[in-house]
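If you want the building blocks of each chain, they are given just below.
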Amino acid sequence: MIDKWRKYWRITRADEIARRYFINNSFDGVLTTIGLLMGMFLAGVANTQIIITTSLSTGIAIGLSGFWGAFLTEVAERKKKLMELEKSLMRNLKDTEIERASSFASKIVALVDGLSPLLSTIIVILPFFFISTIDAYYLAFTIAGLMLVGLGIFLGRVSKENQILLGLKMLAAGILAIGISYLLLN
Amino acid sequence: MTGIRRLVLDVLKPGDLSLVDMAADLGKLKNVQGVDIVVKDVDRRVEKVRITVEGDDLDYSTIKKRIEDDGASIQSVDRVSSGKEIIDKACL
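Because the structure is predicted, anything quoted here is derived from the model rather than measured. (Residues numbered from 1 in each chain as written. Chains lettered and ligands numbered in written order. Predicted model: local features only at pLDDT ≥ 70, side-chain atom pairs only at ≥ 80, totals over all residues.)

Q: Lay out the packing of helix α3 (residues 48-89) of chain A against helix α4 (residues 97-125) of chain A with the relevant residues and their values.
A: When two helices pack together, their arrangement is given by the angle between the helix axes and the distance between those axes. Residue and element names in this part refer to chain A. Direction vectors running N to C along α3 and α4 enclose 160°, while the axes themselves pass 8 Å from each other. Compared by their axis directions, α3 and α4 come out roughly antiparallel. Viewed along their axes, α3 and α4 form a crossing whose handedness is right-handed. In terms of residue class, the contact of α3 with α4 is built from 20 nonpolar, nine polar and four charged. (Axes fitted to C-alpha atoms, helices over the stretch in contact; angles between N-to-C directions. Helix = DSSP H or I, 4+ residues; strand = E, 2+ residues; numbered from the N terminus. Parallel < 35°, antiparallel > 145°, perpendicular 65-115°, else oblique. Left-handed = near helix turned anticlockwise from the far one by under 90°. Nonpolar A, V, L, I, M, F, W, Y, C, P; charged D, E, K, R; others polar.)

Next up, the structure:
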């Protein structure tokens, strides 16, 4: 089974697009959660249940939006590619490894697209499950910052560019989100 | 041994399907002892390859099915060898 999946992965080159979605949507998830938490922090929300529920439902919504959008887009794009290939091969590709690989890639890419923002949100709000609300806010912002740096480093590894610089660029977006919220809402 | 011992096929395959996967899939078939795939032509989406399969008592329909299940199509059967001995210098 694993060998089959690896083969499908190679045929569709899904790793490239899944990686792109993973970084893009994890970034979305982290930034959205930062915005949400900053809003609640400035509004003085101290009820852990409200913070967790709001963040999680937002994470679920972003995840669902990512999954849905990516799945429909991937299916449409891959169908088009398959039809073009059928023309070139002068045959129907139904029930072939190529068709199965295409369907597999659409599902995996959509899952990555949907799960990455949701997981990011869960990781950022983890402190609210364990420590006092005010400490959890600070720790959640720190975790979010570290995640942004981590995503930048991952991006740097993929593109073989300066990992620290990319990490800092990602972090800058988080700081900007916090800064703008603070200036506008405080 | 009797039956088909060597098949040379002209195949059109999707460009995204790797030769390694294709050769490995064919190599796993019953009675197949050797597989050789050579790229003859490369297009934007497809590749024309020549597949040589050697073994004992090869089953053409199983090989055809395997190739087609991978999404490729056999354009022509260019050479078939059978019998107790493979004639390498056969006149074409």
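Q: Describe the pairing of strand β2 (residues 32-42) of chain B, with residues and values.
A: All names here are of chain B. Among the 11 residues that make up β2, zero are buried, leaving the element largely open to the surroundings. Bridge count between β2 and strand β3 (residues 46-55): nine bridges; the pairing is antiparallel. Within the sheet, the bridge partner assigned to I37 lies in β3 and is I51. Between β2 and β3, which pair antiparallel in sequence order, lie three residues. (Buried ≥ 20, exposed ≤ 12 C-beta atoms within 10 Å, placed from the backbone. Pairing = 2+ DSSP bridges.)

Q: Lay out the interface of chain B and chain A with the relevant residues and their values.
A: Taken together, the contact between chain B and chain A spans 13 residues of the former and 12 residues of the latter. Split by residue class, the side of chain B that touches chain A holds four nonpolar, three polar and six charged. (Contact = placed C-beta atoms within 7 Å.)

Q: Can you break down the nonpolar core residue by residue, with the values?
A: Counting 30 residues, the largest nonpolar core has A18(A), Y21(A), V109(A), V11(B), V53(B) and I63(B) as its most contacted members. By residue number, the principal contributor to this core is α4(A), which donates six residues. Leaving out residues up to four positions away in the same chain, V53(B) has contacts with L7(B), L26(B), V32(B), V35(B), L58(B) and I63(B). (Core = buried A, V, L, I, M, F, W, Y, C linked by C-beta atoms within 7 Å.)

Q: Before we move on, could you go through the sheet that holds β3(B) and cite the residues and values that matter?
A: Across the sheet, four strands lie side by side as β2-β3-β1-β4 (chain B); this open sheet has antiparallel pairing. Strand pairing shows two members of the sheet lacking a second neighbour, β2 and β4 (73-82) of chain B, which therefore form its edges. Strand after strand, the sheet turns through a mean of 15° between neighbouring axes, direction not considered. Against the sheet, α3(A) engages β1 (4-14), β3 and β4 of chain B, with an angle of about 130° to β1(B). Along the sheet, helix α1 (residues 19-27) of chain B contacts β1, β2 and β3 of chain B; its crossing angle with β2(B), the most-contacted strand, is approximately 150°.

Q: Please set out unusual backbone geometry residue by residue, giving values where relevant.
A: Residues and elements named next belong to chain A. Of note in the backbone geometry, D95 takes a positive phi value of approximately 60° without being a glycine. Mapped onto the elements, D95 comes out in the loop between α3 and α4. Take D95: there are 11 C-beta atoms within 10 Å of it, and that puts it in the exposed class. Positive phi values are uncommon outside glycine, yet K160 reaches one of about 55°.

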